[in-house]
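A structural walkthrough
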Amino acid sequence: MHYFRKRGWELGDGAATPEAVFRTRRQLVKALAAGPVLAAAPVLLTACDGKESSNAANGATASAADPSAHLYPVMRNLRYRVDGPLTEERHATTYNNFYEYGTSKYISQDAQQLRIRPWTVKIEGAVEKPFEIGIDDLLKKMPLEERVYRFRCVEAWGMTVPWSGFALKALVDLAKPLSKAKYVRMETFGDSSLAPGLRQPFFPWPYVEGLSMAEATNELSFIATGLYGKPIPKQNGAPLRLVAPWKYGFKNVKSIVRISFDEERPKTFWEKMGPAEYGFWANVNPEVAHPRWSQAHENVLGENRRAPTVIYNGYGEYVAGLYKGMENESLFK
Ligand SMILES: Nc1nc2c(c(=O)[nH]1)N[C@H]1C(S)=C(S)[C@@H](COP(=O)(O)O)O[C@H]1N2
Ligand SMILES: [Mo]
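Counting of residues starts from 1 at the beginning of each chain's written sequence and follows it residue by residue. Here chains are named by letter from A upward and ligands by number from 1 upward, in the order in which they appear as written. Selection of residues for local features in this predicted model requires a pLDDT of at least 70, selection of side-chain atom pairs for listing and counting requires 80 or more, and totals for whole chains, interfaces and linings are taken over all residues. Side-chain numbers come from the whole structure's heavy atoms, not from hydrogens or water.

1. Details of the nonpolar core
In plain words, nonpolar cores are sets of buried Ala, Val, Leu, Ile, Met, Phe, Trp, Tyr and Cys residues tied together by side-chain atoms within 4.5 Å. Exposure categories follow from relative accessible area, calculated using a 1.4 Å probe and restricted to protein chains: below 20% of the type maximum is buried, above 50% is exposed, and the middle band is partly exposed. Ranked by size, the top nonpolar core spans 86 residues in total, and within it W119, W163, L168, M186, F189, I259 and F261 carry the most contacts. No other element matches the five residues that strand β4 (residues 157-167) contributes to this core. Strands are runs of DSSP state E lasting at least 2 residues, helices are runs of H or I lasting at least 4, and numbering of each runs from the N terminus.

2. Observations concerning the environment of L114
Tracing the sequence through the fold places L114 in the loop between α5 (89-92) and β1 (120-125). Residue classification places L114 among the buried positions, given a relative accessible area of 1%. Residues L114 and D191, spaced 77 residues apart in sequence, show a C-alpha to C-alpha distance of 9.9 Å.

3. Quick word on the environment of Y318
For Y318, the location among the structural elements is in helix α10 (residues 316-319). Separated by 98 residues in the primary sequence, Y318 and L220 have C-alpha atoms spaced 7.5 Å apart.

4. Things to note about the confidence of the model for the chain
Residues of the chain with pLDDT of at least 70 account for 81%, and the chain-wide mean is 87. Every residue in residues 1-60 is under pLDDT 50, and counting partners more than four places away or in other chains gives 75 contacts. As a per-residue measure, pLDDT tells how confident the predictor is, with possible values from 0 to 100. The contact criterion used is simple: two residues touch if any of their non-hydrogen atoms lie within 4.5 Å.

5. Section: the pattern of salt bridges
A side-chain nitrogen of Lys or Arg and a carboxyl oxygen of Asp or Glu constitute a salt bridge if their distance falls within 4 Å. All chains considered together, the criterion is met by 22 salt bridges. The closest approach of N and O atoms between E187 and R185, which form a salt bridge, is 2.7 Å. The same class applies to E187 as to R185, namely buried. Its salt-bridge partner being K247, residue E215 comes within 2.8 Å of it at the nearest N-O pair. Of this pair, E215 sits in helix α8 (residues 213-216) while K247 sits in the loop between β9 (241-243) and β10 (256-262), and the two are 32 residues apart along the sequence. Judged on exposure class, the residue E215 and its partner K247 are both buried. If you follow the salt bridges from partner to partner, you end up with E124, R185, E187 and R258 in one network.

6. Regarding the site of ligand 1
Residues are labelled near a given molecule or strand when at least one of their non-hydrogen atoms is within 4 Å of it. The local shell around ligand 1 holds 18 residues, among which N96, Y99, E100, T188 and K254 are the closest. Here a nitrogen atom of ligand 1 sits 2.9 Å away from a polar atom, N or O, in the side chain of T188. We define a polar contact as two N or O atoms separated by no more than 3.5 Å, with the added condition that, inside protein, one atom must be a possible hydrogen donor and the other a possible acceptor, whereas residues neighbouring each other in sequence contribute only through side-chain atom pairs. In the model, an oxygen atom of ligand 1 is placed 2.6 Å from a nitrogen or oxygen of the K254 side chain. For ligand 1, the accessible surface in isolation is 540 Å², of which the surrounding protein chains cover 98%. Among the secondary structure elements, those contributing two or more residues to the shell around ligand 1 are β3 (145-153) and β4. When residues are sorted by character, Ala, Val, Leu, Ile, Met, Phe, Trp, Tyr, Cys and Pro go into the nonpolar class, Asp, Glu, Lys and Arg into the charged class, and all the rest, Gly among them, into the polar class. Taken together, the residues of the shell around ligand 1 sort by class into nine nonpolar, six polar and three charged. Values of accessible area rely on a 1.4 Å probe in the Shrake-Rupley scheme; residue burial ignores everything except the protein chains shown.

7. A few points about the pairing of strand β2 (residues 131-134)
At least two bridges found by DSSP between two strands is the condition for calling them paired. The sheet contact formed by β1 and β2 spans four bridges and is antiparallel. Across the sheet, V121 pairs through a bridge with I133, a residue of β2. Connecting the antiparallel pair β1 and β2 is a turn made up of five residues.

8. Some words on the packing of aromatic side chains
The rule is short: rings of Phe, Tyr and Trp, with Trp giving its six-membered ring, pair when the centres are within 6.5 Å, and they are stacked under 30 degrees, edge-to-face over 60, tilted in between. Within this structure, the stated rule accounts for 27 aromatic pairs. Measuring from ring centre to ring centre gives 6.0 Å for Y80 and Y149, while their planes differ by 75 degrees; the resulting arrangement is edge-to-face. Linking Y80 in the loop between α4 (60-64) and α5 with Y149 in strand β3, this pair joins segments that are 69 residues apart in sequence. For the residue pair Y80 and Y149, the accessibility class agrees, reading buried in each case. Note on Y149 and F222: the rings are 6.2 Å apart at their centroids and 80 degrees apart in plane angle, and the pair reads as edge-to-face. On the criterion of sequence distance, the pair formed by Y149 in strand β3 and F222 in strand β7 (residues 222-227) is long-range, its members being 73 residues apart.

9. Considering the side chain of E277
In this structure, E277 sits in the loop between α9 (269-273) and β11 (297-300). The contact partners of E277, leaving out residues within four places of it in the chain, are H290, P291, R292 and K333.

What follows is the structure, encoded as structure tokens:
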């Protein structure tokens, strides 16, 4: 379907040479002072919008202590880009949903108690051979790139952010699932010494999400390990979290410790919480209202405006085909 397109980084844009995209802000400032890369400047300034405004909770201090900090920024893959501005980093990193740290949006300081090294991801279920892998070994094996994606929370707010990480497909290939595997189940840490919310018995911990194998191997499905050209902040799901941009935000499970390849569809955290309101598929659709509010519009995070919501969050070209023949399923909640 996309055979006519060049890969993003091959686009002959001129303004956005891979080398230019790869430069850090500090290098850019030096280079601008020296003069020679003016043509690249507009793209870079857009890409780095808001970077300087990050605060101590999510910026330099957090990434300085992170052993993966030297890996970033990674090259932006221009196949995945969004018209319009990026959300400012200070908003995307201080307005969060991470119930392990409470139901408030302002958990970014509390989330700093998460310890992200050592961090092991277990790969299990219907695979050739189950294994565990440390995050830094995983980062060495995976093809890191940056993608700008739209993001749409079911609560009717949206943002546009540059994730760094790798295609989930690359991790699926590493895991070597058996043909009987039909779903990928992903689980957040459940150690209550890392997050006080895990002691709240009302919630069905640990946080679990999942995708069908067809969804997981779709080119859009992404594991984010970085954000705004740095290691991903703890409050955004360090050290690795799912990003499936055509689905409501709650599918995008954070701080993953276990990935299992299952024959049965996993029961997710939010399906257990409220099956009438939150389903397994959770594809964005402006025409299917949440039982308690409309999904037709979204509040743009950090901007004083609303925008119309688009089916599949604007990614129908990539994913609508996944759901052919599934019209009897509840695809949009
Ligand atoms: N483990 C875990 N993952 C989670 C959540 C959560 O509470 N716990 N909240 C989800 C919801 S509802 C949203 S909208 C996104 C928010 O991601 P962000 O904080 O990076 O914007 O994370 C999702 N992943
Ligand atoms: Mo959400």
